[in-house]
Amino acid sequence: MKGTAILYHDENKVTILENVEHSVFEEMKDQCGDRHCHCHIENKVIDFGAVSPVLWHEDEVDWDYGY
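A brief look at the structure comes next. Every value quoted in this text rests on a predicted model; they were computed, and no experiment measured them. (Residues numbered from 1 in each chain as written. Predicted model: local features only at pLDDT ≥ 70, side-chain atom pairs only at ≥ 80, totals over all residues. Heavy atoms only, no water.)

It is worth spelling out helix α1 (residues 22-30) at this point. The set of residues buried in α1 consists of Val-24, Phe-25 and Met-28. On an axial view of α1, the arc spanned by its buried residues comes to 100°, and they lie on one face. Residues of α1 that are exposed and point more than 90 degrees away from the buried face comprise Ser-23 and Asp-30. Contacts made by the buried residues of α1 are with β1 (2-8), β2 (14-21), β3 (38-41) and β5 (54-57). (Buried < 20%, exposed > 50% of the residue type's maximum accessible area, 1.4 Å probe, protein only. Helix = DSSP H or I, 4+ residues; strand = E, 2+ residues; numbered from the N terminus. Arc of directions from axis to C-beta. Contact = heavy atoms within 4.5 Å.)

Moving on, we get to the sheet that holds β5. The pairing of strands in a sheet comes from backbone hydrogen bonds and takes either a parallel or an antiparallel form. Spatially, three strands are ordered β2-β1-β5 in an open sheet, and the strand pairing comes out antiparallel. Looking along the sheet, the strands with just one partner apiece sit at the ends: β2 and β5. Neighbour-to-neighbour, the strand axes of this sheet turn through a mean angle of 25°, independent of strand direction. As judged from the six bridges shared by β1 and β2, these two strands associate in the antiparallel manner. In the sheet register, Ile-6 faces β2, and the bridge partner there is Ile-16. The sheet strands contacting α1 are β1, β2 and β5, and the helix crosses β2 at an angle near 140°. (Pairing = 2+ DSSP bridges. Axes fitted to C-alpha atoms, helices over the stretch in contact; angles between N-to-C directions.)

Together, Glu-18, Glu-58, Asp-59 and Glu-60 line one region of the surface with negative charge. The topology assignment puts Glu-60 in the segment after β5. (Patch = residues over 30% accessible without salt bridge, like charges linked within 9 Å, V, L, I, M, F, W, Y side chains within 5 Å. Areas by Shrake-Rupley, 256 points an atom, 1.4 Å probe, with all protein chains shown as cover. Salt bridge = Lys/Arg side-chain N within 4 Å of Asp/Glu carboxyl O. Lys, Arg positive; Asp, Glu negative; His and termini not counted. Charge placed at Lys NZ, Arg CZ, Asp CG, Glu CD.)

Turning our attention to unusual backbone geometry. A cis amide bond, omega -5°, links Ser-52 with the succeeding residue Pro-53. You can see Pro-53 is positioned in the loop between β4 (44-47) and β5. The residue Asn-12 is not glycine, and still its phi comes out positive at about 60°. Looking at the element boundaries, Asn-12 is found in the loop between β1 and β2. Residues other than glycine seldom take positive phi values, yet Asn-19 does so here, at roughly 60°. Position of Asn-19 relative to the elements: it lies in strand β2.

Have a look at this one:
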């Protein structure tokens with residue numbers, strides 16, 4: 001199952017990752033609140049730094065709707 005992962009950082013920064021496997025989201029969720037959130041995307045290890053919270057949206061986000 002794929003969907004959109006939404007990562008919240010300090011200072012009101014947000015990272016949105018589309019077309020993410022739910023297993024990758026679970027990997028990020030387990031690291032929520034740690035100093036470094038690492039995950040494997042496209043055979044690379046990505047460090048997003050500290051994130052909290054991490055949210056999941058099962059479908060693609062409709063950006064035309066006004067999110």
